[in-house]
Protein chains: 2
Amino acid sequence: MAKVLITSGPTREYLDPVRYLTNASSGRMGRALADAFLAAGHEVYVVSGPVEITYPSGCVVRSVVTTTEMLEAAVEWFAQCDGVIGAAAPCDFRPASLATDKIAKNGGDLFLQLVETPDILATLAEKRQGQWIVGFALETRDGPDKAIGKMRRKHCDMMILNYADAIQSERTHITAFASTGEILGSFAGSKVEAASEICEWIARHLMR
Amino acid sequence: MAKVLITSGPTREYLDPVRYLTNASSGRMGRALADAFLAAGHEVYVVSGPVEITYPSGCVVRSVVTTTEMLEAAVEWFAQCDGVIGAAAPCDFRPASLATDKIAKNGGDLFLQLVETPDILATLAEKRQGQWIVGFALETRDGPDKAIGKMRRKHCDMMILNYADAIQSERTHITAFASTGEILGSFAGSKVEAASEICEWIARHLMR
């Protein structure tokens, strides 16, 4: 049986001690994947941003806040795992600086410089030693093209395309692409059912 | 008995269909206040940003996302209420523009122009017809001075000062200031107990 690393949930990137950039990722897809891989007999390691849901008791969970923290935890565990599924929605941008105190209104506009955060899956791909890597792409336009482009830039073995309506929902609509660009499967339904599909696609195409 | 309006929770200000600015306000203080005022026999109306908690069944709740939506709902209900407690942590800034599609990484920095959102309590103060107005100030430095300054700028009758460690916590540490700047009381403990204190301070000083 395999050791599977799952990243899950959003990350937060603070501009001051109170305010941050984030997204509404709930961790439900990550939880459903953890359940599916545990049910299939695998060991599951979850690195999760701040979420309200709880992960199944059978998996090992590390909680993080920022994208950099998620990357560090993922790199540490990845070395001992057989593969990773990037189901998290980490912030792609963070404020260039963090104000020590809460930024007060001063009657004018505020200009925020955002810098790109490190790419978690691309970093893991550089460090891989035979592990498989499955990514998620959440797109609002030209989904298949963008998902395939992301898969190639991040050197993933499979990319799961989903859409913004999946955020904070119990349901999702996914399409899986192989590294060749070929469509491996497509599914619409609950995240629990979608996770079982993904588990099967990975077992069939990526696990030895 | 009085009709009490409570704003609660955070708001979200989106920069694209996926990403937004927010804070970690949980709505727990607002819920505790709703419970305390219901227990004291008052009618309670809650305007809440996105939260995971549920409000007591005895109150009327309207759910909103942005600061402007919170303001509109609060203005509508304020006209029929005897007073308002601004326990929400609405975003003070919003992106000047909302991108139609998810902003992609392009290898460079992103410059975000943020504009101030309307001030909910100051707007209600302009429209007041005898209602009392209680605000919350969450400060990381020079708390009492900033709380009193905010109370005067927003024309509130009472200001409750709290601190960043109250966010997403069950506990809080509060100090209440009268419009004269006088300290009315101070309390450290659970949000449920703090809400009872606030309810008593309001009954003693602001309700007729």
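Residues numbered from 1 in each chain as written. Chains lettered and ligands numbered in written order. Predicted model: local features only at pLDDT ≥ 70, side-chain atom pairs only at ≥ 80, totals over all residues. Heavy atoms only, no water.

Things to note about the overall build of chain A
Here is step 1 of the chain: For chain A, the helix and strand inventory stands at five helices and twelve strands.
Here is step 2 of the chain: Relative to the compact-globule value of 17 Å for 208 residues, chain A shows a C-alpha radius of gyration of 17 Å, a close match.
Here is step 3 of the chain: By principal-axis analysis of the C-alpha atoms, chain A measures approximately 60 × 35 × 35 Å.
Here is step 4 of the chain: Burial statistics for chain A: of 208 residues in total, 57% are counted as buried.
Here is step 5 of the chain: Taking contacts inside chain A between residues at least 6 apart in sequence as the whole, the part at least 24 apart equals 62%.
Here is step 6 of the chain: Of the accessible surface of chain A, which amounts to about 9,000 Å², a share of 48% is contributed by carbon and sulfur atoms.
Here is step 7 of the chain: Taken as two groups, the 21 positive and 25 negative side-chain charges of chain A have centres that lie 2 Å from each other. (Helix = DSSP H or I, 4+ residues; strand = E, 2+ residues; numbered from the N terminus. Rg over C-alpha atoms; globule rule 2.2 N^0.38 Å. Buried < 20%, exposed > 50% of the residue type's maximum accessible area, 1.4 Å probe, protein only. Contact = heavy atoms within 4.5 Å. Areas by Shrake-Rupley, 256 points an atom, 1.4 Å probe, with all protein chains shown as cover. Lys, Arg positive; Asp, Glu negative; His and termini not counted. Charge placed at Lys NZ, Arg CZ, Asp CG, Glu CD.)

What about the side chain of serine 8 of chain A?
All names here are of chain A.
Here is step 1 of the chain: Mapped onto the secondary structure, serine 8 falls in strand β1 (residues 3-8).
Here is step 2 of the chain: A relative accessible area of 0% means that serine 8 is categorised as buried.
Here is step 3 of the chain: Side chain to side chain, serine 8 and tyrosine 55 meet in a polar contact 2.7 Å long.
Here is step 4 of the chain: Beyond its immediate stretch of four places on either side in the chain, serine 8 contacts Gly27, Gly30, Arg31, Val46, Val47, Ser48, Gly49, Tyr55, Met70, Ala87 and Ala88. (Polar contact = N/O pair within 3.5 Å; in protein donor to acceptor, adjacent residues only side chain to side chain.)

Quick look at empty space enclosed by the protein
Residues and elements named next belong to chain B.
Here is step 1 of the chain: Under the defined criterion, the tally for this structure stands at one cavity of 30 Å³ or more.
Here is step 2 of the chain: In this structure, the largest cavity occupies an estimated 50 Å³ of space.
Here is step 3 of the chain: Counting residues per element, the lining of the largest cavity draws most heavily on strand β3 (residues 19-23), at three residues.
Here is step 4 of the chain: Of the residues contributing to the lining of the largest cavity, the split by class is three nonpolar, two polar and two charged. (1 Å grid on protein atoms, 1.4 Å probe; cavity = no way out; pocket = protein on both sides within 12 Å on 5 of 7 lines; lining within 4 Å. Points joined across faces, edges and corners; volume = space filled by probe spheres on them. Nonpolar A, V, L, I, M, F, W, Y, C, P; charged D, E, K, R; others polar.)

A short note on the interface of chain B and chain A
As a measure of interface size, the accessible area lost when the parts come together is often cited.
Here is step 1 of the chain: Contacts between the two partners involve 38 residues from chain B, matched on the other side by 38 residues from chain A.
Here is step 2 of the chain: The tally of links from chain B across to chain A stands at four salt bridges.
Here is step 3 of the chain: Close ionic contact of arginine 141 of chain B with aspartate 101 of chain A constitutes a salt bridge, the shortest N to O distance being 2.5 Å.
Here is step 4 of the chain: For the pair chain B and chain A, the number of links is 27 residue pairs in polar contact (both at pLDDT 80 or more).
Here is step 5 of the chain: Secondary structure elements with two or more residues in the side of chain B that touches chain A: β3 and β8 (110-116) of chain B.
Here is step 6 of the chain: Taken together, the residues of the side of chain B that touches chain A break down into 17 nonpolar, nine polar and twelve charged.
Here is step 7 of the chain: Here strand β3 (residues 19-23) of chain A runs beside β3 of chain B; their pairing, made up of five bridges, is antiparallel. Within β3 of chain B, the residue paired with arginine 19 of chain A across the bridge is asparagine 23 of chain B. (Salt bridge = Lys/Arg side-chain N within 4 Å of Asp/Glu carboxyl O. Pairing = 2+ DSSP bridges.)

Concerning helix α5 (residues 191-205) of chain B
Residue and element names in this part refer to chain B.
Here is step 1 of the chain: Its 15 residues give α5 an end-to-end C-alpha distance of 21 Å, which sits within 8% of 21 Å, the value for a rise of 1.5 Å per residue.
Here is step 2 of the chain: Taken as a whole, α5 has its buried residues at Lys191, Ala194, Ala195, Ile198, Cys199, Trp201 and Ile202. Projection of α5 onto a plane perpendicular to its axis shows the buried side chains occupying an angular sector of 165°, all on one side. Turned more than 90 degrees away from the buried face of α5 sit Val192 and Arg204, all of them exposed.
Here is step 3 of the chain: Residues of α5 that are buried sit in contact with α1 (28-39), β6 (83-86), β9 (132-139), β10 (158-163), β11 (171-178) and β12 (183-190). (Expected span 1.5 Å × (residues − 1). Arc of directions from axis to C-beta.)

Observations regarding helix α3 (residues 120-127) of chain A
Residues and elements named next belong to chain A.
Here is step 1 of the chain: In terms of burial, α3 is largely enclosed, as six of its eight residues are buried.
Here is step 2 of the chain: Within α3, burial applies to Ile120, Leu121, Ala122, Thr123, Leu124 and Ala125.
Here is step 3 of the chain: Those residues of α3 that are buried lie in contact with α2 (67-78), β6 (83-86), β9 (132-139) and α4 (143-154).
Here is step 4 of the chain: The backbone nitrogen of leucine 121 lies 3.2 Å from a side-chain oxygen of the residue at the head of α3, namely aspartate 119.

With respect to the relation of the copies chain B and chain A
Here is step 1 of the chain: Once chain B has been moved 0.0 Å along the axis and rotated by 180°, it coincides with chain A to within an RMSD of 0.0 Å. What the superposition gives is, in effect, a two-fold axis relating one chain to the other.
Here is step 2 of the chain: Comparing interface residues between copies, 100% of those in chain B also sit at the interface in chain A, which points to an isologous, same-surface contact. (Least-squares fit on C-alpha atoms with pLDDT ≥ 70 in both.)

Thoughts on the state of the cysteines
All names here are of chain A.
Here is step 1 of the chain: By the definition in use, this model includes zero disulfides over all chains.
Here is step 2 of the chain: Looking at the unpaired cysteine 59, the closest cysteine sulfur is the one in cysteine 81, lying at 12 Å.
Here is step 3 of the chain: Accessibility expressed as a relative area gives 9% for cysteine 59, which makes it buried. (Disulfide = S-S within 2.5 Å.)

What to know about the packing of α1 of chain B against α5 of chain B
In a pair of packed helices, the angle between the axes and the distance between the axes together describe the arrangement.
All names here are of chain B.
Here is step 1 of the chain: For the pair α1 and α5, the least separation of the axes is 8 Å and the interaxial angle reads 55°. Here α5 runs oblique to α1, going by the angle between their axes. Here the hand of the crossing between α1 and α5 comes out right-handed. Residues Arg28, Met29, Ala32, Leu33, Ala36 and Phe37 of α1 form the contact with α5, whose own contacting residues are Lys191, Val192, Ala194, Ala195, Ser196, Ile198, Cys199 and Ile202.
Here is step 2 of the chain: Class assignment of the residues belonging to the contact of α1 with α5 gives a composition of eleven nonpolar, one polar and two charged. (Axes fitted to C-alpha atoms, helices over the stretch in contact; angles between N-to-C directions. Parallel < 35°, antiparallel > 145°, perpendicular 65-115°, else oblique. Left-handed = near helix turned anticlockwise from the far one by under 90°.)

Quick word on the sheet that holds strand β7 (residues 93-95) of chain B
Paired through their backbone hydrogen bonds, the strands of a sheet run either parallel or antiparallel.
Here is step 1 of the chain: The strand order β7(A)-β8(A)-β8(B)-β7(B) describes an open sheet built from four strands, whose pairing is antiparallel. In this open sheet, the two strands that pair with only one neighbour each are β7 (93-95) of chain A together with β7 of chain B. Across the sheet, the mean angle from the axis of one strand to that of its neighbour is 40°, orientation sign disregarded.
Here is step 2 of the chain: Looking at chain direction, β7 of chain B and β8 of chain B are connected through three bridges and run antiparallel. Bridging from a neighbouring strand, phenylalanine 93 of chain B pairs with glutamate 116 of chain B of β8 of chain B.

Brief notes about the environment of valine 4 of chain B
Here is step 1 of the chain: The topology assignment puts valine 4 of chain B in strand β1 (residues 3-8).
Here is step 2 of the chain: Along the sequence, valine 4 of chain B and serine 48 of chain B sit 44 residues apart, while their C-alpha atoms lie 14 Å from each other.

Section: the confidence of the model for chain A
Here is step 1 of the chain: A residue-level look at chain A finds 100% of positions with pLDDT of 70 or above and a mean pLDDT of 95.
Here is step 2 of the chain: Under the prediction, the complex receives an ipTM of 0.92, its pTM being 0.93. (pLDDT = per-residue confidence, 0-100.)

Description of unusual backbone geometry
Here is step 1 of the chain: Even without a glycine there, the phi angle at histidine 155 of chain A is positive, about 55°.
Here is step 2 of the chain: Turning to its location among the elements, histidine 155 of chain A is positioned in the loop between α4 and β10 (158-163).

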